[in-house]
Amino acid sequence: MLKKKQKISGEIEQVQSNGLGVFTYQKNKVFVKYVLQGEQVEVIITRKLKEGYLAELLRVVKPSSIRTKVKCPYFQKCGSCNYLHMLYPFELKQKTQEIKQLVSQNRLKLNVHNCEGMDVPYSYRNKLILSFSKNRKNEMVAGFYEPFTHHIVNIDNCLLHDKETNKLIKDLKMVVKKCRLDIYDENTKYGFLRHILVRENQEKKFMVTLVTATKEFRGKKKFVQELLKVNENVETIVQNINSRQTSVVLGDEEINIYGRGIIYDDLSGHKFKISSKSFYQINHSQCEKLYDKALSLLKLNGDETVVDTYCGIGTITLSVASKVKKVIGVELNENAVRDANVNKEVNDIHNVEFVNDDAGNYMQKLAYKKAKIDVVIMDPARDGSDEKFLDSLLKLQPKQIVYISCNPETQMRDLKHLSKQYHFKDIYLYDMFPRTTHVESVVLLQRKNN
Ligand SMILES: C[S@@+](CC[C@H](N)C(=O)[O-])C[C@H]1O[C@@H](n2cnc3c(N)ncnc32)[C@H](O)[C@@H]1O
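What counts, and where the lines are drawn
Residues numbered from 1 in each chain as written. Predicted model: local features only at pLDDT ≥ 70, side-chain atom pairs only at ≥ 80, totals over all residues. Heavy atoms only, no water. Phe/Tyr/Trp six-rings, centres within 6.5 Å; stacked < 30°, edge-to-face > 60°. Helix = DSSP H or I, 4+ residues; strand = E, 2+ residues; numbered from the N terminus. Buried < 20%, exposed > 50% of the residue type's maximum accessible area, 1.4 Å probe, protein only. Contact = heavy atoms within 4.5 Å. Near = heavy atom within 4 Å. Polar contact = N/O pair within 3.5 Å; in protein donor to acceptor, adjacent residues only side chain to side chain. Areas by Shrake-Rupley, 256 points an atom, 1.4 Å probe, with all protein chains shown as cover. Nonpolar A, V, L, I, M, F, W, Y, C, P; charged D, E, K, R; others polar. Pairing = 2+ DSSP bridges. Axes fitted to C-alpha atoms, helices over the stretch in contact; angles between N-to-C directions. Domains from an automatic or database assignment.

## Some remarks on the packing of aromatic side chains
If you walk through the whole model with that rule in mind, you get 4 aromatic pairs. Residues Tyr 34 and Phe 75 carry aromatic rings whose centres are separated by 4.9 Å and whose planes lie at 70 degrees to one another, so their mutual orientation is edge-to-face. Remark: Phe 75 occurs in the loop between strand 6 (53–62) and helix 1 (88–105) and Tyr 34 occurs in the loop between strand 4 (28–32) and strand 5 (40–48); sequence separation between them is 41 residues. In this pair, the class of Tyr 34 matches that of Phe 75, namely buried. Here the aromatic rings of Phe 192 and Phe 217 are separated by 5.0 Å at their centres, their planes lie at 50 degrees, and the arrangement is tilted. Linking Phe 192 in the loop between helix 2 (163–178) and strand 11 (193–200) with Phe 217 in the loop between strand 12 (206–212) and helix 3 (220–230), this pair joins segments that are 25 residues apart in sequence. An identical accessibility class is assigned to Phe 192 and Phe 217; each is buried.

Right under this line is the structure:
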């Protein structure tokens, strides 16, 4: 039995897909972040886990040859970039290896293709959430949450964002201070400003959404004036009211306080309206590669009816529309469906219909009607699809399914469910989130009795 605060040493045997390195100490598994395979490390035990012990890294005694100098001052504090200390080509190898392991653990027969990375794996994020709080000295703190805590790491610059966004971070902090916006206090539940969400488009224009605990915005005019004075790239400013005590960032009500309240972006040859509450892929160039791959896997003759489930604002739906007879996009978030309907009009695409429904419900209705569906595209959130969805898919029996996922673990689970009736042989990986532990994957499934 190990004790809390006990200092021990060991050699890292493996780095898991969640970024935790593992070594064995007196038959106990010890898990530690920010280490690499083969490294000799000194750690301090912080917590007992079911599977062993969690430890904090004290010192790397013998570094790995793939370790690199980290240029981020917030590394190991903000918790977003777990792989910053690893040379990028090895991060791609690590991600490929993790998926190979997952495939083998799930006893699936899948050829794992090497993870496709970026030439420059930085400055790629087009979305930012700055969270606000006050420190013990009652000074404003604005940045990202430490993992699994409500503690905010004060951030002025993030390697995953471009220089325009980093300038905006500084501008926003300066203007919030200058306008003396009252910072929300999670403990007392009093205050006004909770978060600021920023979305950036390819033209480097910004949508800024202030998430506030209350509706009355004293000094609104001054805030808008001051921000526009220092940052000409701000295209629109929105107030989102979230009075709930929840870790969900956005509330339901929104007030447009400057500009159109939405932003447009170009992706894969189409123009997309994005509102603050809709999902939009955060890595533009990798997203285009991923969509290209997903669509190139399908064999289409132009006569197909396609259902694009979990369609968001219709990015994939509109990209596949010109190749088939009809596409139905299904999405639970009503704001996203509203955006999708505008996007259909803006891009002058007429063989597309968007439905605001739970994907499982909608597929069940289609299965009940015995609808003839040729292709299903699925791109669920991290939880993957539920049984209702998967069982309906098995009843509908589309000839081809393309499954895009941001969580290969749930994707493997769902593939196993579908393997009764579907063949799949390749999994393609895209590094949508360089320097973090996350990876995006795409698989084509073909009906067995074709
Ligand atoms: C990973 S995003 C993919 C969106 C889109 N395909 C894209 O690439 O931009 C998943 C989407 O599924 C939606 N969603 C989550 N649960 C859902 C459900 N049960 N039924 C339908 N859509 C759902 C989310 O709102 C989100 O827009």
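## Let's talk about helix 8 (residues 387–396)
Helical geometry note: an α-helix holds 3.6 residues per turn, so side chains three or four residues apart project in the same direction. Those residues of helix 8 that fall on the buried side of the exposure criterion are Phe 389, Leu 390, Ser 392, Leu 393, Leu 394 and Leu 396. For helix 8, the elements touching its buried residues are strand 17 (305–309), helix 7 (359–368), strand 20 (375–378), strand 21 (400–405), helix 9 (408–418) and strand 22 (422–423). Of the residues one or two after helix 8, Gln 397 is the one with positive phi, at around 50 degrees.

## A look at the site of the ligand
Around the ligand, the surrounding shell holds 17 residues, and the nearest of these are Gln 281, Tyr 291, Glu 331, Asp 358 and Ala 359. Backbone polar atom of Leu 332 to a nitrogen atom of the ligand: 3.2 Å apart, as the coordinates give it. Interatomic distance of 2.8 Å between a backbone N/O atom of Ala 359 and a nitrogen atom of the ligand. Notes on the ligand: free accessible area 600 Å², of which the protein chains cover 86%. For the shell around the ligand, the per-class residue count stands at 9 nonpolar, 4 polar and 4 charged.

## Some details on the sheet that holds strand 9 (residues 140–145)
Taken in spatial order, the 7 strands line up as 10-9-8-11-12-13-14 in an open sheet, and their pairing is mixed. Two strands bound the open sheet, and with one partner strand each, they are strand 10 (152–154) and strand 14 (253–258). Adjacent strand axes in the sheet meet at a mean angle of 30 degrees, parallel and antiparallel pairs treated alike. Against the sheet, helix 2 makes contact with strand 8 (127–134), strand 9, strand 10, strand 11, strand 12 and strand 13 (234–241), and its axis sits at roughly 150 degrees relative to strand 11, the strand it touches most. Against the sheet, helix 3 contacts strand 12, strand 13 and strand 14, and its axis sits at roughly 150 degrees relative to strand 13.

## As for the sheet that holds strand 6
Read across the open sheet, the 6 strands follow the order 1-5-6-4-3-2; overall the sheet is mixed. Unpaired on one side and paired on the other, strand 1 (7–11) and strand 2 (14–15) mark the two borders of the sheet. Sheet topology note: the strand 3 (residues 21–25)/strand 4 ladder contains 5 bridges and is antiparallel. Its bridge partner lying in strand 4, Thr 24 is registered against Lys 29.

## A word on the domain arrangement of the chain
Assigned domains of the chain: these are domain 1 (7–67), domain 2 (99–118 + 283–447) and domain 3 (127–267). Distance from the C-alpha centre of domain 1 to the C-alpha centre of domain 2: 37 Å.

## What to know about the pairing of strand 12
Burial analysis of strand 12 places 7 of its 7 residues in the buried class, the great majority of the element. Residues of strand 12 alternate between two faces, with Phe 206, Val 208, Leu 210 and Thr 212 on one and Met 207, Thr 209 and Val 211 on the opposite face, all of them buried. When strand 11 meets strand 12, the two strands line up antiparallel, connected through 7 bridges. Residue pairing for strand 12: Glu 200 is matched across the bridge by Phe 206. Counting the residues in the hairpin turn of strand 11 and strand 12 gives 5 residues, including Lys 204, whose phi is positive at 65 degrees. Alignment of strand 12 against strand 13, held across 7 bridges, turns out to be parallel. Within strand 13, the residue paired with Val 211 across the bridge is Asn 240.

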